[in-house]
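Structural description and commentary
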Amino acid sequence: MGPDGYEIVPAIRDGRQVLQVCRDGTPVADCGSVEEVARHVDLADLCEVISLPARDDGRRAALS
């Protein structure tokens, strides 16, 4: 993820893997290399977003 709603996601186009640059969920470009991605966003501004599994600490059972 990056500033201004940019997101870089892997995708398959015409049977090959690309890095798709999206802004606010709308595809902007399919890039074949990181260098191509850098034409659209400053790579230093990107950060990785990791989804963590939901934590079950017993509160769900108490609410049932």
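Read on for an overview of the structure. Every residue gets a number counted from 1 within its own chain, in the order that chain's sequence is written. With pLDDT at 70 or above as the cut-off, local features in this predicted model cover only qualifying residues; side-chain atom pairs require 80 or more to be listed or tallied, and sums for whole chains, interfaces and linings still use all residues. The basis for every side-chain value is the complete set of heavy atoms in the structure, and neither hydrogens nor water enter the calculation.

Phi is mostly negative for residues that are not glycine, and the peptide bonds are mostly trans. One non-glycine residue, Asp-4, adopts positive backbone phi at about 60 degrees. A run of H or I in DSSP counts as a helix once it spans at least four residues, and a run of E counts as a strand once it spans at least two, with each numbered from the N terminus. Inspection of the secondary structure puts Asp-4 in the segment before β1 (6–13). For Asp-24, which is not glycine, the phi torsion reads 55 degrees and is therefore positive. Tracing the backbone shows Asp-24 in the loop between β2 (16–23) and β3 (26–31).

Right, let's get into the pattern of salt bridges. We count a salt bridge whenever a side-chain nitrogen from Lys or Arg sits within 4 Å of a carboxyl oxygen from Asp or Glu. On inspection of all chains with the given rule, the structure shows one salt bridge. Here Arg-13 makes a salt bridge to Asp-30, at a shortest N to O gap of 3.2 Å. Residue Arg-13 is located in strand β1, and its partner Asp-30 is located in strand β3; the two are separated by 17 residues in the primary sequence.

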